[in-house]
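Geometric and topological summary
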Amino acid sequence: MISADTTLARLLDEHPELVEVLARYHAHFAQLREPNARRIMAPRVTVAQAAAMAGVAVDALLADLRRAAGEPEGAAAGGPSVTPPARAPKPAALAALPAEALVHLDVREDIRRGAEPFARIMAAVKTLDRDRALVVRAPFEPFPLYELLGRRGLLHWTECRAPDDWSVWFYREAGGAPPGAAPARTAAAAPAVVDVRGLEPPEPMVRVLTALERLVPGQRIEILHDRRPTLLYPILDERGFEHATDEPEPGVVRIRVTRRAGAA
Amino acid sequence: MSVPHPGAGRVPEATVPLRYLIAAVLAFVLAAAGVVALAGELAGHYYHPRLAALTHTVTLGWITLTIMGASYQLVPIVFARPIWSERLARWQFALLVAGMIGLVAHFYIAEFSGMLWAAGVVGAGIVAHLVNMAMSLRGLARWTFTARLFAMSLAGLVLTLGFGVVLAADRVARFLPAAGFFPTLHSHFHLALLGWVMPVVLGVAARVYPMFLLAREPAGWPGRAQLWGLGLGVPLLTLGLLASPWLARVGALLVAAAVLGHLAWVAEIARARRRPALDWGLRFVLTGAACLLPATALGLGLAFDVLGGPRLALAYAVVALGGWISLTIVGMMLKIVPFLVWYRVYAPQVGRAAVPTLAQLARPALEGLAWWLLTGGVLGLAAALAAGSAAWIRAAGAVLTLGALAFAATLGATLQHLRARTPAARAGSAVGAAVQ
């Protein structure tokens, strides 16, 4: 069943034809027809986020997708919805930056023309040092960039100027890692429980390893699985995670995973 | 980053099952082409040395190698038991391939003393598999439905091998009574089909189909029907084929009950699935299951003497081997091989770099083409064999060969990913490189 938190990757794996439905909502989603753009965007955007990017109610998009996939439309999303970010104050690290330290990149015209601005953004990121920030201006909230650039140690602050005019400031915290360093990991980013029951392989492995990469040393998460993930264990061992498996109830396998201190 | 070496842990290195599966696909293409080449022989009686070569290309080269290769992948996952010896699995592969080539070649030229030697090499490979599986499953804590059927299939393999060796030795020493050869041959065939292949397919299906279709694992009377139906039916059918038609009929009815139980489970899994879209792998699997109905009907018809003659016997063998087993295996391979490749190439990078999804390793258009050609080819071949028309057998064989080539090309495209060390290298694009 398609839900608000279904990723576009999973959605299009199961229903490739739905790319046309998404493309009707926003021209940028037509990029999903291209394998490279799809590989970058689809795993990082949920249906709820896609609705927000398109500026429509998540229930409307869900109903349309379910109808096109031949699923019952259901009453409501039932999953998380995306709301405009709260007006958080500008972080001190950004407020202290002089105007000449800002690299501005307006991709609204690229997106209106149907061009993929990702390569331009990544080229701009490469020019950043720890005293500069990148300001990306886009016609929607660019959710995929948060994870992609977060993995490069960049924090973000989002400003919604109008429903179709967003500015996202990507910056490094004072004393943060240099460009190209390992992704910043924060305890707040790691979920306490990752429930991968009912997912088709290898989706459980993808979700678990993605969540584990955000763990800080000593932090633990619990994975709920349909079966013992035999193929996952060697990767956990190689990446320096300690793990223990039990079955708290019939048919439910629980794996407790902890990042060892000093592990990569 | 280095690729993890699961062989050092709980699952074998991906190349172990892959080598079996690749060799099996080559045998499948060869067998399909063999139908075209041997159309004249296929229009006659099924006992012909060249048809024995063709049959063993299918049963040993295609089906047995697939089951053995898949076992090395599935045993650690389904039974949570490590493979006892990966080295033995590699030696076993070498023995089996060498033995099968010798067996098929000697059958083809009707040189039976060489065939007996080759059968001995195949037997050594099979014994290696039995030892490896027995040691891997030793101490299994829970003898589930799948585990029982898996053990049953190993017993069936022992008996199939025993009957095969007896038949091979008889071609050299001629010790079987004249009236005993065909009953022994029929028993050998049915032990392979119902004693070795059917239990393992039914057992694995009960665990794997719910995984593919996102459904609850099935339970209830169909499971008992399968266990008892095969557990009692196969021995009775074998004894009946050797000694008493009535015993064979009781055995056939029990096997039919097992088939009914399996189909009831497949229908329940398909009905309750949470994955609405069926990819081509799943369509192959379900089409294969549907072929069990005509195969069982033909088998019962032959057992009860409602049907008879070598042509219908050949049609029965094609619907069973080509329809049920082959289409099921093709479907399973379209699920398993991309996963093995993805696991070997991309799993080490998950969470650290963008990796393609499993669906992005597939070639749906080619898979669809393979479905149409293989399904049409198998049904056409069964009809052509029943009619005894060499021209139509040749035509159906050509369709089948094209289907087998399309299937092989699909897997070949997936295997190309083994060359990619990183997603960026695979994509070969600046955008892909930027993601890293």
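Since we're looking at a predicted model, the values are computed, not measured. (Residues numbered from 1 in each chain as written. Chains lettered and ligands numbered in written order. Predicted model: local features only at pLDDT ≥ 70, side-chain atom pairs only at ≥ 80, totals over all residues. Heavy atoms only, no water.)

Right, let's get into the confidence of the model for chain A. Residue and element names in this part refer to chain A. Model confidence for chain A is summarised by a mean pLDDT of 76, while 84% of its residues fall at 70 or above. A low-confidence stretch, residues 77-86 stays under pLDDT 50, and its non-local contacts, those more than four residues away or across chains, total 19 contacts. Low pLDDT, under 50, characterises residues 175-191; the stretch is placed with 32 contacts to residues that sit more than four places away or in other chains. (pLDDT = per-residue confidence, 0-100. Contact = heavy atoms within 4.5 Å.)

Let us look at the interface of chain A and chain B. Taken residue by residue, the interface counts 42 residues in chain A and 45 residues in chain B. Buried surface at the junction of chain A and chain B, summed over both partners, amounts to about 3,600 Å²; 60% is from carbon and sulfur atoms. Seen at the junction of chain A and chain B, the total is one salt bridge. When the shortest N-O distance is used, the salt bridge between B:Arg352 and A:Glu213 registers 3.2 Å. Inspection of the region where chain A meets chain B yields six residue pairs in polar contact (both at pLDDT 80 or more). Listing elements by their share of the side of chain A that touches chain B, those giving two or more residues are α1 (8-14), α3 (35-41), α8 (118-126), α10 (203-212), α11 (232-238) and β7 (241-249) of chain A. The residue makeup of the side of chain A that touches chain B, split by class, is 19 nonpolar, six polar and 17 charged. (Buried area = accessible area lost by both parts, 1.4 Å probe. Salt bridge = Lys/Arg side-chain N within 4 Å of Asp/Glu carboxyl O. Polar contact = N/O pair within 3.5 Å; in protein donor to acceptor, adjacent residues only side chain to side chain. Helix = DSSP H or I, 4+ residues; strand = E, 2+ residues; numbered from the N terminus. Nonpolar A, V, L, I, M, F, W, Y, C, P; charged D, E, K, R; others polar.)

Turning our attention to the sheet that holds β7(A). All names here are of chain A. Read across the sheet, four strands follow the order β5-β6-β8-β7 without closing on themselves; strand pairing throughout is mixed. Strand pairing shows two members of the sheet lacking a second neighbour, β5 (193-195) and β7, which therefore form its edges. The mean inter-strand angle of the sheet, taken between neighbouring strand axes irrespective of direction, is 20 degrees. In the sheet, β5 pairs with strand β6 (residues 220-225) via three bridges, with the strands oriented parallel. When the sheet's bridge partners are listed, Val193 is paired in β6 with Glu222. With respect to the sheet, α10 is in contact with β5, β6, β7 and β8 (252-259), its orientation differing from that of β6 by roughly 175 degrees. (Pairing = 2+ DSSP bridges. Axes fitted to C-alpha atoms, helices over the stretch in contact; angles between N-to-C directions.)

The next point concerns the side chain of A:Arg66. Residue and element names in this part refer to chain A. The topology assignment puts Arg66 in helix α5 (residues 58-69). Buried and without a salt bridge, Arg66 has Glu71 as its closest oppositely charged side chain, separated by 4.6 Å. A polar side-chain atom of Arg66 sits 2.8 Å from the main-chain carbonyl oxygen of Ile2. (Buried < 20%, exposed > 50% of the residue type's maximum accessible area, 1.4 Å probe, protein only. Lys, Arg positive; Asp, Glu negative; His and termini not counted.)

Once that is clear, we can look at the packing of aromatic side chains. Residues and elements named next belong to chain B. In total, this model carries 18 aromatic pairs over all chains according to the counting rule given. Consider the rings of Phe28 and Trp62, whose centres lie 4.1 Å apart with planes at 15 degrees: the pair is stacked. Placement of Phe28 in helix α1 (residues 15-37) and of Trp62 in helix α3 (residues 49-78) is noted, with a sequence separation of 34 residues between them. The class of Phe28 is buried, set by a relative accessible area of 9%. Seen from their ring centres, Trp371 and Trp372 are 4.9 Å apart, and the 90 degrees between their planes marks the pair as edge-to-face. Pairwise contacts between aromatic rings join Tyr46, Tyr47, Phe181 and Phe182 into one cluster. Here the basic side chain of Arg50 rests over the ring of Tyr108, its NZ or CZ set 4.7 Å away from the ring centre. Over the ring of Trp246 we find Arg249, and its NZ or CZ is 4.6 Å from the ring centre. (Phe/Tyr/Trp six-rings, centres within 6.5 Å; stacked < 30°, edge-to-face > 60°. Lys NZ or Arg CZ within 6 Å of the ring centre and 35° of its normal.)

To continue, consider the packing of helix α10 (residues 280-303) of chain B against helix α11 (residues 310-345) of chain B. All names here are of chain B. Relative to each other, α10 and α11 sit at 160 degrees, their axes nearing to 7 Å. With respect to their mutual orientation, α10 and α11 come out roughly antiparallel. Relative to α11, the crossing made by α10 is left-handed. Looking at the contact of α10 with α11 residue by residue, the classes come out as 22 nonpolar, seven polar and one charged. (Parallel < 35°, antiparallel > 145°, perpendicular 65-115°, else oblique. Left-handed = near helix turned anticlockwise from the far one by under 90°.)

Attention now moves to the nonpolar core. Membership of the largest hydrophobic core comes to 169 residues, with the highest contact counts inside it found for B:Trp62, B:Met333 and B:Phe407. The dominant element in this core, judged by the number of residues it contributes, is α11(B), at 23 residues. Setting aside chain neighbours within four positions, we find B:Phe407 in contact with B:Val25, B:Phe28, B:Trp62, B:Val330, B:Met333, B:Leu334, B:Ala370 and B:Leu374. Listed in part, the 49 residues of the second largest apolar core include A:Leu8, A:Val107, A:Tyr146 and A:Val168. (Core = buried A, V, L, I, M, F, W, Y, C linked by side-chain atoms within 4.5 Å.)

One pass over the structure, following the stated rule, counts 24 salt bridges over all chains. With a closest N to O distance of 2.7 Å, A:Arg33 and A:Glu20 form a salt bridge. You can see A:Arg33 sitting in the loop between α2 (19-25) and α3 and its partner A:Glu20 sitting in helix α2, a full 13 residues away along the chain. The class of A:Arg33 is partly exposed, set by a relative accessible area of 46%. A relative accessible area of 38% places A:Glu20 in the partly exposed class. B:Lys335 serves as the salt-bridge partner of B:Asp279, at 2.6 Å between the closest nitrogen and oxygen. With a gap of 56 residues between them, B:Asp279 in the loop between α9 (245-271) and α10 and B:Lys335 in helix α11 connect regions that are remote in the sequence. Here B:Asp279 falls in the partly exposed class, since its relative accessible area comes to 23%. Salt bridges sharing common partners tie together A:Arg220, A:Glu222, A:Asp246, A:Arg254 and A:Arg256.

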